[in-house]
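Understanding the architecture of this molecule
Single-letter residue listing:
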Amino acid sequence: MITAAVQEREHYLNQSYGIKSWLLTKDHKRIGLLYLATITLFFFLGGAFATMIRIELLTPTGNFVSSDTYNKLFTMHGVAMIFFFLIPSIPATLGNFFLPMMIGARDLAFPRINLLSWYLLVIGGLFSLFAMLAGGVDTGWTFYTPYSTTYSNSWVIATALGIFIAGFSSILTGLNFIVTVHRMRAPGMTWMRMPLFVWSTYATSLIQVLGTPVLAVTLVLLFCERVFHIGIFDPALGGDPVLFQHLFWFYSHPAVYIMVLPAMGVISELVSVFSRKAVFGYQFVAYASMAIAVLGFLVWGHHLFVSTQSVYAGLVFSFLSYFVAIPSAIKVFNWTATLYKGSISFATPMLYAFGFIGLFTIGGLTGLFVAALGFDVHVTDTYFVVAHFHYIMVGGTIMAYLGGLHYWWPKMTGRMYPEGWAKLSALIIFLGFNLTFFPQFILGYLGMPRRYHVYPDEFQVLHVLSTAGASVLAVGYLMPMIYFIWSLRYGAVAPSNPWGATGLEWKTPSPPPLHNFDEMPVVTHEVYDYSTVIGEEIQVG
Amino acid sequence: MASESHVHEETVALREQFDTEAQQKDASTLGMWIFLITEVMFFGGIFLAYTVYRRAYPEIFAVASTTLNVYIGAANTVVLLCSSLTMVLAVRAAQLGKSKAIVLFLILTLILGGVFLGVKAYEWNEKYVEHHIPGPAFHMEGLSPDLQGHAQLFFSLYFAMTGLHALHMVIGAGLLSYLIMMARKGRYTAEYNTPVDLIGLYWHFVDIIWIFLFPLLYLIDRHLK
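Residues numbered from 1 in each chain as written. Chains lettered and ligands numbered in written order. Predicted model: local features only at pLDDT ≥ 70, side-chain atom pairs only at ≥ 80, totals over all residues.

Below, the discussion takes up the overall build of chain A. Scanning chain A for helices and strands turns up 16 helices and zero strands. Relative to the globule expectation of 24 Å for 541 residues, the C-alpha radius of gyration of chain A, 23 Å, shows essentially globular dimensions. For the C-alpha atoms alone, the extent of chain A along its principal axes is close to 70 × 45 × 45 Å. Expressed as a percentage of the 541 residues in chain A, the buried residues total 57%. Pairs at least 24 residues apart make up 86% of the contacts formed inside chain A by residues separated by at least 6 positions. (Helix = DSSP H or I, 4+ residues; strand = E, 2+ residues; numbered from the N terminus. Rg over C-alpha atoms; globule rule 2.2 N^0.38 Å. Buried ≥ 20, exposed ≤ 12 C-beta atoms within 10 Å, placed from the backbone. Contact = placed C-beta atoms within 7 Å.)

Take the overall build of chain B next. Summing up its helical and strand segments, chain B has six helices and zero strands in all. Ordered by position from the N terminus, the helices and strands of chain B form the series α-α-α-α-α-α. Relative to its 225 residues, chain B shows a buried fraction of 36%. For chain B, restricting intrachain contacts to residue pairs at least 6 apart in sequence, the fraction spanning at least 24 positions comes to 74%.

Our focus in this paragraph is the interface of chain A and chain B. Counting from both sides, the interface comprises 33 residues of chain A and, opposite them, 29 residues of chain B. Of all the secondary structure elements, the ones that give two or more residues to the side of chain A that touches chain B are helix H7 (156-183), helix H8 (196-228) and helix H9 (241-275) of chain A. Among the elements that take part in the side of chain A that touches chain B, H8(A) stands out by supplying ten residues, more than any other. Of the residues assigned to the side of chain A that touches chain B, the class counts are 23 nonpolar, six polar and four charged. (Nonpolar A, V, L, I, M, F, W, Y, C, P; charged D, E, K, R; others polar.)

Residue and element names in this part refer to chain B. The N-to-C vectors of helix H4 (residues 99-129) and helix H5 (residues 145-184) enclose an angle of 155°; their axes lie 9 Å apart at closest approach. Put simply, H4 runs roughly antiparallel to H5. Between H4 and H5 lies a crossing whose hand is left-handed. The segment H4 lies against H5, with Ser99, Ile102, Val103, Leu106, Ile107, Thr109, Leu110, Gly113, Gly114, Phe116, Leu117 and Lys120 engaging Thr162, Ala166, Met169, Gly172, Ala173, Leu176, Ser177, Leu179, Ile180, Ala183 and Arg184. Of the residues assigned to the contact of H4 with H5, the class counts are 14 nonpolar, seven polar and two charged. (Axes fitted to C-alpha atoms, helices over the stretch in contact; angles between N-to-C directions. Parallel < 35°, antiparallel > 145°, perpendicular 65-115°, else oblique. Left-handed = near helix turned anticlockwise from the far one by under 90°.)

What follows deals with the packing of H9(A) against helix H10 (residues 282-295) of chain A. All names here are of chain A. Here H9 crosses H10 at 175°, and the two axes come no closer than 11 Å. Considering their axes alone, H9 and H10 lie roughly antiparallel with respect to each other. Judged by residue contacts, Tyr257, Leu261, Met264 and Ser268 of H9 engage Val285, Ser289, Ile292 and Ala293 from H10. Class assignment of the residues belonging to the contact of H9 with H10 gives a composition of six nonpolar, two polar and no charged.

Ranked by size, the top nonpolar core spans 227 residues in total, and within it Ile267(A) and Ile102(B) carry the most contacts. Apart from residues lying up to four places away in sequence, Ile267(A) is in contact with Trp335(A), Ala353(A), Phe356(A), Ile357(A) and Ala400(A). (Core = buried A, V, L, I, M, F, W, Y, C linked by C-beta atoms within 7 Å.)

Our next topic: unusual backbone geometry. All names here are of chain A. Here Thr145 and Pro146 are connected by a cis peptide whose omega angle stands at -5°. Here Pro146 shows up in the loop between helix H5 (111-134) and helix H6 (147-151). Of the consecutive residues Ser510 and Pro511, the connecting peptide bond is found in the cis state with omega at -15°. Mapped onto the elements, Pro511 comes out in the segment after helix H16 (460-490). Positive phi values are uncommon outside glycine, yet His229 reaches one of about 55°. Turning to its location among the elements, His229 is positioned in the loop between H8 and H9. A positive phi angle, close to 50°, is found at Arg276, a residue other than glycine. Considering the arrangement of structural elements, one finds Arg276 in the loop between H9 and H10. Residue Arg276 is classed as buried on the basis of its 21 C-beta neighbours within 10 Å.

So, to be careful, I would describe these as geometric facts and stop short of saying anything about function.
Shown next as structure tokens:
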């Protein structure tokens, strides 16, 4: 069980105890864990809405909930999952915990702002939660005008306010990360020696800082329109509802990259460690992150192909959307090339990494389908689009998030998770995910629209398959929840470097001391150099 | 580059995550600049909306713009520019370590900011009296009913833009009050004056927003006779 050595050594978890030592902490590691708990809550909340959606879609008649309730279910599923789970997921938990450690810093540049940003997420979450409990919101997570401003009788303002506040959490996290990467690197940690997770988190932070304020002002205008009837998006006054869509997607398309870029960073780490090779074409992968961050801002118009946007604008946006696939493809090819002749081990994080590469490739390639003007007209607002973005967000981001969580769990908690159960759950998640979402590609192609709960009988078989898959997926997601908690007490004690990884975070004990390193690290060579490290034995019992 | 920072002073608070004071000051300054970039993006969204509608309804925007009182607007611009001057003088005083002068210039800045907000409130009240507040009661003399909506769009933008600007002024006034309090306690010296510097940056940024707002809102169709 617990060895004497672990109990005696001081680290960030036993430095101080009590609720205040957590709620007033300025330690980036503890704040990372606060985020972990918060977003896990929202993940299961969003999951509960998803469950009800899938139960409803078992039958073609729409007999489980009313149409109004169904509208609220998919809206609240989207709001909870996107704004309160996916956006903060990897950056705010794993990034918060490991970004300072990976560059050899004692903390982020602004620890108090870091704590503030957690509180902002919680306050924003409470507003949205209030809206959900008080009666829900039914506009879709996209809040399209004029429905959201004029016609909807649901809790639009409370929800939008919640997202507005949570947005500042995201902005401040991004700001903190950028300054930290620029100003806090350890001696010798040059830009080209930074782990790729740091690069991708840095690129993500740029998007958070540049994109989120635009969402904020859009929500302010939405708020003013709904409360004061000022009419900026009101066609009755000559206003343009499509302007709202432009402003909204100027943030919300880059937001997709806020979700997937950090995931790519995690995968770069995992693929390298578990094939014991330096990432192939390190610089290309690093710059690809930056390219995605920049190009991601130029493609929002592909959400408006059928929204009165001119055909010429559509052509340009279509072209640019193809363009953004290039840096993404560079990453996939480079991960694959890293595997080539590597010494591959199939530990749980690596299983997730393989899952990510496969699912992200499908999600990315179908992204090219919907970026094509003609095809997109056919599948706009169908389940094809739903399947596409779930392959990116769930198949991509959540796979990487879980992979990263398994990979860094020993460092965060000082305990190993049970490998057998973890492998089983990774497998279940992969199978459940595909069973849930692959039928939706076919459904969408055949013409099943999104956001409807009554559908023609011939779609039922595919919907039943999808719901069955969702049940499997739910089991897969519950398992880590259980064994992670179990491992806190009963897991094998983790050595400081169980995977034989090269990053600075593995050169300090597990769990790390309060200021991360007992003595400040000095970096002398490239990041993925496996010639000098070996993994330590895990002592069971 | 803050190369003079090797002059150590007992009162300077070096936070534990930093190695040197130069690093701490650099980090704070970079953080403020990034924050100002987010502000640019924030106002950018609403400037975009302005651009779209002004291009869509140029004539009505010109007509609606002439109902604003350009003399009051111009006077207020001068007030705000003066507040930027006093802010700069406060920053300079801080760099020279003249703590009495810091307090004096900060108070002057706060007063000028207050004057600006007071004048703005007077202008808004004028709009209220003239029924130029967007909403069901909106009415603009001499315009046919189908153009009322377009004129209302101008005033929607006017209130959204000046309102958000005023909100930033109020936050700035709060920050100035904090600075004054701390400066009176003698917290800022030639060695440590980062907060004065950074809040100064914020204050100038808010001024610059107004420098854009004034011509866009007041000067659409003014000609020297």
